Amino acid sequence: MPLLPYAHAALAPAMSQETIDYHYGRHLQTYVDNLNRLVKGTLYEDMELEEMVCKASGPVFNNAAQTWNHTFFFEALTPTPKEIGSDLGASLTSRFGSLGEFKQQFIAAATSLFGSGWTWLVENADGSLDIVNTSGAGNPMTEGKRPLLVVDVWEHAYYIDYRNRRADYLEAIWGLIDWDVVACRLSGTCSDYYL
Ligand code: MN
């Protein structure tokens, strides 16, 4: 299990302790437990998680990708968010026109995703930035894209706090994103703690 860089109650009220208890403590724990059970005695047993996400299919892929995606999601949330820094801000403004337009496009993509999945900010192989949706456990690394930010839009991410109001959850979670983590992912300067 990855460790959270904050206490379970630290993101309330935008994300309640009960949501973290269930989402991190039950849902993510189950993916980790399932994965450890599935890989035992297989060629995946000693493989790094990222390689597993890119090579596996079926139940191993689903549980490996859900483990990776949730870790990547939780580690870029913070109870003490700061403004988007200048380098990341310049990259986003150059691609999307403004930081407001980036937020609007990201939330529009996440709102329109049908069913369970994830909304990502990615860096394409040519260095350009994009917003992409994946369904189920999908991860853009399998298409050669480098993830920079992900938001979980499975119902279990917001149903305790927001019931069916996904748009309200997205607006609230925008205020919890740790842009310093997104920036160090873009520049490749994150500490070993992070994926
Ligand atoms: Mn989730």
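Since the structure is predicted, the reported quantities are computational estimates derived from the model, not experimental observations. (Residues numbered from 1 in each chain as written. Predicted model: local features only at pLDDT ≥ 70, side-chain atom pairs only at ≥ 80, totals over all residues. Heavy atoms only, no water.)

S.K.: In this structure, what is going on with helix α1 (residues 17–39)? I would like to understand it.
M.R.: In an α-helix there are 3.6 residues to a turn, and that puts residues three or four apart on one side. For α1, built from 23 residues, the straight-helix expectation of 33 Å at 1.5 Å per residue is met to within 8% by its first-to-last C-alpha distance of 31 Å. By the largest-angle criterion, Gln29 marks the main kink of α1, which is about 25°. Within α1, burial applies to Thr19, Ile20, His23, Tyr24, Leu28, Tyr31, Val32, Leu35 and Val39. Each element contacted by the buried residues of α1 is listed here: α2 (49–55), α3 (58–74), β3 (146–152) and α6 (159–162). (Helix = DSSP H or I, 4+ residues; strand = E, 2+ residues; numbered from the N terminus. Expected span 1.5 Å × (residues − 1). Bend = angle between axes of the 7 residues up to and from the residue. Buried < 20%, exposed > 50% of the residue type's maximum accessible area, 1.4 Å probe, protein only. Contact = heavy atoms within 4.5 Å.)

S.K.: Mind showing me how you'd approach the coordination of the manganese ion here?
M.R.: Each donor-metal-donor angle would ideally measure 109.5 degrees in four-coordinate tetrahedral geometry, or 90 or 180 degrees in six-coordinate octahedral geometry. Within the protein, the atoms that donate to the manganese ion are His23 (NE2), His70 (NE2), Asp152 (OD) and His156 (NE2), at distances of 1.9 to 2.1 Å. Binding-site remark: the manganese ion is held by donors from one chain whose sequence spacing is H-x46-H-x81-D-x3-H. Taken together, the positions of His23 in helix α1 and Asp152 in strand β3 put the pair 129 residues apart, joining distant regions of the chain. Judged by relative accessible area, which is 0%, His23 ranks as buried. Overall, the relative accessible area of 0% leaves Asp152 in the buried class. (Donors = N, O, S within 2.8 Å, 3.2 Å for Na, K, Ca; no water.)

S.K.: Teacher, can you tell me more about the nonpolar core here?
M.R.: Buried together is how nonpolar side chains tend to be arranged in soluble globular proteins. One finds Met15, Phe73, Phe74, Leu77, Phe102, Leu121 and Tyr169 to be the most contacted residues of the largest nonpolar core, which totals 59 residues. In terms of residues, this core owes the most to one element, α3, which gives eight residues. When residues no more than four places from it in sequence are discounted, the contact partners of Tyr169 are Met15, Phe73, Val151, Asp152, Val153, Ala157, Tyr158 and Tyr162. (Core = buried A, V, L, I, M, F, W, Y, C linked by side-chain atoms within 4.5 Å.)

S.K.: Quick question: what am I supposed to make of the packing of helix α4 (residues 86–96) against helix α5 (residues 99–112) here?
M.R.: What describes two packed helices is the angle between their axes and the distance between those same axes. For the pair α4 and α5, the least separation of the axes is 8 Å and the interaxial angle reads 70°. By the angle between their axes, α4 is roughly perpendicular relative to α5. Here Gly89, Leu92, Thr93 and Phe96 of α4 lie close against α5, whose contacting residues are Leu99, Glu101, Phe102 and Gln105. (Axes fitted to C-alpha atoms, helices over the stretch in contact; angles between N-to-C directions. Parallel < 35°, antiparallel > 145°, perpendicular 65-115°, else oblique.)

S.K.: Even after reading the chapter, I still don't get the sheet that holds β3, so can you show me in this structure?
M.R.: Strands belonging to one sheet form pairs held by backbone hydrogen bonds; the direction of such a pair is parallel or antiparallel. Within the open sheet, the three strands sit side by side as β2-β1-β3. Their pairing is antiparallel. A strand with exactly one partner marks an edge of an open sheet, and here the two such strands are β2 (129–135) and β3. Pairs of neighbouring strands in the sheet enclose a mean axial angle of 25°, with direction left out of account. Across six bridges, strand β1 (residues 117–123) lies against β3 in antiparallel orientation. Bridging across to β3, Trp118 finds its partner in Asp152. Its contacts with the sheet put helix α8 (residues 179–187) on β1, β2 and β3, and the angle it makes with β3 is roughly 155°. (Pairing = 2+ DSSP bridges.)

S.K.: What should I look at first to understand α8 in this one?
M.R.: Among all positions in α8, only Trp179, Val181, Val182, Cys184 and Arg185 are buried. Where α8 is buried, its residues meet α3, α4, α5, β1, β3 and α7 (166–174). For α8, the capping residue at the N-terminal end is Asp178, with a side-chain oxygen 3.1 Å from the backbone nitrogen of Asp180. (Polar contact = N/O pair within 3.5 Å; in protein donor to acceptor, adjacent residues only side chain to side chain.)

Read these as layout, nothing more, since geometry by itself doesn't imply function.
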